[in-house]
Amino acid sequence: PLTARLRSLTFLVAGLLAAVLVLWVSRRPLPAIAPDSVSYLGAGVSLAHNGTLRVPFNDWTDADSTAALTDYAPGYPMALAIPIAAGVAPATAARWIQAVAIGAALAIALALLDAMSGPVAALLGLPLLLLLPALTDIHLWILSEPLFIAVTVATLAAMARRPERPLAYGTMAALGNLVRFAGVSLVGAAFLWAITRPGGRRMRAQRAALAAAPGLALHLWWRLHDLSPAGGIGGPFTAGLGATLHQGIATVVAWLVPLDLAGSWRGAVAMTIAFGVAFATWRVWRSARAATRDLLAAAALVAGCYFGMLVVARMTVVPDLPFDSRILAPLLVVTTIAISTIVASRWRDGARRTAIVSVAMVALWSVAAGTRDVGTVRMARRFGLGYESLEWQASPIAAWLRGPGSGRTIYTSDPAGTWAIIHRPSRFLPSSLTPDTVARFSAAFAARPSALIALPPELAPQAPPDSLAARLGLIAAARTAYGTVWVGR
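These lines cover the structure that appears in this document, whether it is placed above or below. Computed from a predicted model, the values in this text were never measured in an experiment.

1. Some thoughts on the pairing of strand 4 (residues 409-412)
Line of reasoning, step 1. Neither face of strand 4 is left uncovered, since the one carrying Thr409 and Tyr411 and the one carrying Ile410 and Thr412 both have all their residues buried.
Line of reasoning, step 2. Bridge count between strand 4 and strand 6 (residues 450-454): four bridges; the pairing is parallel. For Ile410, the partnering residue across the bridge sits in strand 6 and is Ala451.

Rendered as structure tokens:
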């Protein structure tokens, strides 16, 4: 018992150190603001101050310059609202939430590996998770993925360690769905896990109902509030699917081989590692003890449901969904937990030669990944990322927004970019240049001091800003390589 307590304390300390590391890395000018970040931060501020989830931009025809949050799940803005309501700055609130999330995810993952596969698995999992390039990448931005990964790991742990408590892991899955619409995969995994556990037909049905109930209740709540997650099913969008899958393969290769090698060599090394992991998985599955098999089965189910959901989303909801390190980060975390289990099982089962080679590869991978992570963080801290980059924060457009533009109504092709500077709502541009639309927009533009800001790339539904400015007879007040500010004569 004393040894177990010491290991538990070690896992908590590891999680705490990971949280401190994230806080240190993400100090200004990080974490960076992306377009998604503006929706999260704006909705969090709105909820903290006004009790409503609203984003700081809207259509140019709407009297209200804010709109209801619909494109993203509300869980992350709800979490942000708690420290914001206590007086914490929005970006600082995001830093603390992401630090707590990575600390919790790491501590839970290590405790899970220790309980199901032994201390060797936890020891291997520590560098493989802490240095995972995808985790480093997402913690440089204000995004919902860190919180979602923490809930994903907690769901996996509840499934593997407490399969007899379907309501517990079903609730965790529903929380994951609240944080990200992609979390519906966790709800599906919880349901499938409950219904496939040993027992009679009636027992399985009861477990499945309990596991699915929290997720179904969440979707019923969304339906009652007329919210369609991710905009609803559309499509099918099959064009370019091969390129998307190829991008996913490239992301996995970059994870397996975090070295700057020639493309053919990197692919060959990644394929060798993948075949080695597959073979080791087959050997372990044949002889593993029940706990290890349960963990591997739960990890495979969670990973499979998540990847299947991504494919369905790419084909029916978001045709430009990238399979990059951000989107695949939860999948890579779950797979890393499984790999740690597999290598530790080979060691415990007496395959010492294979295990020694595997541990050596883990050590080499850790050095390569750590080197890559340090370089990534240094570049991000030196030049900034996204809307926190020096090019944007110190641009003439940013200076104009903080000065002459401080009292103007803003119409822009990129509301997120303007919000990152002045933290004020703005409006999108018209979607067409028909005479009636131009006349109505001209009247709205002239009704109060206004500015039209053109920032590439223009979003598809919006009219070309330069053409719109020419139709209205506007003049350029500030111009950079990134865009132009237009005002009335």
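From this point, the narrative continues.
2. Quick look at the packing of helix 7 (residues 145-161) against helix 13 (residues 290-316)
Line of reasoning, step 1. Orientation of helix 7 relative to helix 13, taken along the N-to-C sense of each, is 140°, at an axis distance of 9 Å. Here helix 13 runs oblique to helix 7, going by the angle between their axes. The handedness of the crossing between helix 7 and helix 13 is right-handed. Contacts between helix 7 and helix 13 involve Phe148, Thr152, Leu156, Met159 and Ala160 on the former and, on the latter, Leu295, Ala298, Ala299, Leu301, Val302 and Tyr306.
Line of reasoning, step 2. Split into classes, the residues belonging to the contact of helix 7 with helix 13 amount to 10 nonpolar, one polar and no charged.

3. Brief notes about the side chain of Ser37
Line of reasoning, step 1. As for its placement among the helices and strands, Ser37 is situated in helix 2 (residues 35-50).
Line of reasoning, step 2. Owing to a relative accessible area of 0%, Ser37 belongs among the buried residues under this scheme.
Line of reasoning, step 3. Polar side-chain contacts of Ser37 include one of 2.6 Å to the backbone oxygen of Ile142.
Line of reasoning, step 4. Excluding residues that lie within four positions of it along the chain, Ser37 makes contacts with Ala32, Ile142 and Leu143.

4. Here we look at the pairing of strand 8 (residues 483-487)
Within a regular beta strand, the side chains point alternately toward one face of the sheet and then the other, so they alternate between its two faces.
Line of reasoning, step 1. Within strand 8, five of the five residues are buried, which leaves the element mostly enclosed by the surrounding structure.
Line of reasoning, step 2. Where burial is concerned, the two faces of strand 8 agree: the one with Gly483, Val485 and Val487 and the one with Thr484 and Trp486 are both buried.
Line of reasoning, step 3. When strand 6 meets strand 8, the two strands line up antiparallel, connected through three bridges. In the sheet register, Ile453 faces strand 8, and the bridge partner there is Val485.
Line of reasoning, step 4. Pairing of strand 7 (residues 475-480) with strand 8, which is carried by five bridges, proceeds in the antiparallel orientation. In the strand pairing of strand 8, Ile475 is matched with Val487.
Line of reasoning, step 5. Taking the residues between adjacent antiparallel strands as the criterion, strand 7 and strand 8 are bridged by two residues.

5. A short note on the packing of aromatic side chains
Line of reasoning, step 1. Summed over the entire model, instances satisfying the criterion amount to 12 aromatic pairs.
Line of reasoning, step 2. Between Phe181 and Trp222, the ring centres sit 5.4 Å apart and the planes meet at 75°, which makes this aromatic pair edge-to-face. Here Trp222 lies in helix 10 (residues 201-224) and Phe181 lies in the loop between helix 8 (166-179) and helix 9 (184-196), a separation of 41 residues in the sequence. Accessibility classification places Phe181 together with Trp222 in one group, the buried group.
Line of reasoning, step 3. Among the aromatic residues, ring-to-ring pairing joins Trp60, Tyr411, Phe441 and Phe445 into one connected group.
Line of reasoning, step 4. Over the aromatic face of Phe148 sits the side chain of Arg180, whose NZ or CZ is 5.1 Å from the ring centroid.
Line of reasoning, step 5. Sitting over the face of the ring of Trp193, Arg197 holds its NZ or CZ atom 3.7 Å from the ring centroid.

6. Details of helix 2
Line of reasoning, step 1. The terminal C-alpha atoms of helix 2, which comprises 16 residues, lie 22 Å apart, in line with the 22 Å expected from a rise of 1.5 Å per residue.
Line of reasoning, step 2. Listing the buried residues of helix 2 in full gives Asp36, Ser37, Val38, Ser39, Tyr40, Leu41, Gly42, Ala43, Gly44 and Ser46.
Line of reasoning, step 3. Packing partners of the buried residues in helix 2 comprise strand 1 (54-55), strand 2 (57-58), helix 3 (75-85), helix 4 (90-117), helix 14 (325-348) and helix 18 (415-422).
Line of reasoning, step 4. Note on helix 2: the residue one or two positions beyond its end, Gly51, has a positive phi of about 80°.

7. A closer look at helix 4
Line of reasoning, step 1. Its 28 residues place the ends of helix 4 40 Å apart at the C-alpha level, agreeing with the 40 Å of an ideal helix rising 1.5 Å per residue.
Line of reasoning, step 2. Residue Gly118 follows helix 4 closely and has a positive phi angle near 105°.

8. Notes on the environment of Leu16
Line of reasoning, step 1. Within the secondary structure, Leu16 is located in helix 1 (residues 2-25).
Line of reasoning, step 2. Of the residues examined, Leu16 reaches a relative accessible area of 55% and is grouped as exposed.
Line of reasoning, step 3. In this structure, the C-alpha to C-alpha distance between Leu16 and Gly103, residues 87 residues apart in sequence, is 5.5 Å.

9. What to know about unusual backbone geometry
Line of reasoning, step 1. Omega for the peptide link from Arg28 to Pro29 comes to 15°, which places this bond in the cis form.
Line of reasoning, step 2. Turning to its location among the elements, Pro29 is positioned in the loop between helix 1 and helix 2.
Line of reasoning, step 3. A cis geometry characterises the amide bond from Leu30 onward to Pro31, with omega recorded as -5°.
Line of reasoning, step 4. Examined against the element boundaries, Pro31 turns out to sit in the loop between helix 1 and helix 2.
Line of reasoning, step 5. Although it is not a glycine, His423 adopts a positive phi angle of roughly 50°.
Line of reasoning, step 6. Within the secondary structure, His423 is located in the loop between helix 18 and strand 5 (426-427).

10. Focus: the pattern of salt bridges
Line of reasoning, step 1. With the rule as written, the count across this model stands at 10 salt bridges.
Line of reasoning, step 2. Here Glu145 ties to Arg326 by a salt bridge, and the two come within 3.0 Å at their closest N and O atoms. Placement of Glu145 in helix 7 and of Arg326 in helix 14 is noted, with a sequence separation of 181 residues between them.
Line of reasoning, step 3. By relative accessible area, Glu145 is classed as buried at 1%.
Line of reasoning, step 4. Notably, a salt bridge pairs Arg197 with Asp294, separated by 3.9 Å at the nearest N-O pair. Of the two residues, Arg197 is situated in the loop between helix 9 and helix 10 and Asp294 in helix 13; the sequence distance between them amounts to 97 residues.
Line of reasoning, step 5. Accessibility expressed as a relative area gives 17% for Arg197, which makes it buried.

Criteria and cut-off values
- Residues numbered from 1 in each chain as written.
- Predicted model: local features only at pLDDT ≥ 70, side-chain atom pairs only at ≥ 80, totals over all residues.
- Heavy atoms only, no water.
- Buried < 20%, exposed > 50% of the residue type's maximum accessible area, 1.4 Å probe, protein only.
- Helix = DSSP H or I, 4+ residues; strand = E, 2+ residues; numbered from the N terminus.
- Pairing = 2+ DSSP bridges.
- Axes fitted to C-alpha atoms, helices over the stretch in contact; angles between N-to-C directions.
- Parallel < 35°, antiparallel > 145°, perpendicular 65-115°, else oblique.
- Left-handed = near helix turned anticlockwise from the far one by under 90°.
- Contact = heavy atoms within 4.5 Å.
- Nonpolar A, V, L, I, M, F, W, Y, C, P; charged D, E, K, R; others polar.
- Polar contact = N/O pair within 3.5 Å; in protein donor to acceptor, adjacent residues only side chain to side chain.
- Phe/Tyr/Trp six-rings, centres within 6.5 Å; stacked < 30°, edge-to-face > 60°.
- Lys NZ or Arg CZ within 6 Å of the ring centre and 35° of its normal.
- Expected span 1.5 Å × (residues − 1).
- Salt bridge = Lys/Arg side-chain N within 4 Å of Asp/Glu carboxyl O.

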